[in-house]
Amino acid sequence: MKKEELIEIIDSWENINLIIEECDKSPTFFSSLMDIALYHKEQKSWRAAYLVDKIHDEFPQLVFPHLDKITEQLKTERNLSKKRHFLKLISMNEIQEKHFGFLVDFCLETLTSEEPPAVRVHAMQVLFNISDKEPDLKPEVLAQIEHEIEYHATAGIISRGKKLVKKLRNQINSL
């Protein structure tokens, strides 16, 4: 299937299971879907990012080779839906050390921004995950999460934030 045909079928939610099955059968098909999610400028390209997220639920091994490209795309991505899915995928996988600096800066900026709560929640999770590898970041991550809970609270920020605050406090007290 050509990329143009794939763009057409991602437009219909009825095709989700077909696309997921096809991605499992053909890594080339999945790579085409990933290219659309990452680089396509059409508004509906966020559906490709959504599908990549759903495919990750069943076949995470398909997404692993693309995590570097996903992280790099965050540097220029403006679509909030795609940011949400990309940050979620990053938060659910091992983060390579070479991306720590960029992701800490990006996620701190995103967490304290006026972006939608789901984007900010995934940024919060990425920060927490990185702090597991870089324990010196824990106090700063804790302070930022507490600040967001106090001053820019939403249901998602409060829910995830309280869980992460509890973990961070326990970890900091154990250091």
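**Remarks on the pattern of salt bridges**
Now for step 1: Within this structure, the stated rule accounts for eleven salt bridges.
Now for step 2: Its salt-bridge partner being Lys133, residue Glu94 comes within 3.0 Å of it at the nearest N-O pair. One end of the pair, Glu94, is in the loop between helix H7 (80-91) and helix H8 (100-111); the other, Lys133, is in helix H9 (residues 117-133), and 39 residues separate them in sequence.
Now for step 3: Looking at Lys133, the relative accessible area reads 47%, which means it is partly exposed.

**Side note on helix H11 (residues 155-174)**
Now for step 1: Between the first and last C-alpha of H11 there are 29 Å, a value that for 20 residues agrees with the 28 Å anticipated at 1.5 Å per step.
Now for step 2: Along H11, the helix axis deviates most sharply at Gly161, where the bend reaches about 25 degrees.
Now for step 3: Considered for burial, the residues of H11 that qualify are Ile157, Gly161, Leu164, Val165 and Leu168.
Now for step 4: Elements in contact with the buried residues of H11: H8, H9 and helix H10 (138-151).

**Some remarks on the packing of aromatic side chains**
Now for step 1: Here the structure, examined in full by the defined rule, presents three aromatic pairs.
Now for step 2: Each ring, one from Trp13 and one from Trp46, has its centre 5.9 Å from the other, and the planes form 55 degrees; the classification is tilted. Linking Trp13 in the loop between helix H1 (3-9) and helix H2 (16-25) with Trp46 in helix H4 (residues 45-58), this pair joins segments that are 33 residues apart in sequence.
Now for step 3: Aromatic side chains Trp13 and Tyr50 sit 5.1 Å apart centroid to centroid with 85 degrees between the ring planes, which places their arrangement in the edge-to-face category. Of the two residues, Trp13 sits in the loop between H1 and H2 while Tyr50 sits in helix H4, which places them 37 residues apart along the sequence.
Now for step 4: For Trp13, a relative accessible area of 37% puts it in the partly exposed group.
Now for step 5: The rings of Trp13, Trp46 and Tyr50 are connected pair by pair, giving a single aromatic cluster.
Now for step 6: The lysine or arginine in question, Lys75, covers the ring of Phe102, its NZ or CZ lying 5.2 Å from the ring centre.

Cut-offs and rules
Residues numbered from 1 in each chain as written. Predicted model: local features only at pLDDT ≥ 70, side-chain atom pairs only at ≥ 80, totals over all residues. Heavy atoms only, no water. Salt bridge = Lys/Arg side-chain N within 4 Å of Asp/Glu carboxyl O. Helix = DSSP H or I, 4+ residues; strand = E, 2+ residues; numbered from the N terminus. Buried < 20%, exposed > 50% of the residue type's maximum accessible area, 1.4 Å probe, protein only. Expected span 1.5 Å × (residues − 1). Bend = angle between axes of the 7 residues up to and from the residue. Contact = heavy atoms within 4.5 Å. Phe/Tyr/Trp six-rings, centres within 6.5 Å; stacked < 30°, edge-to-face > 60°. Lys NZ or Arg CZ within 6 Å of the ring centre and 35° of its normal.

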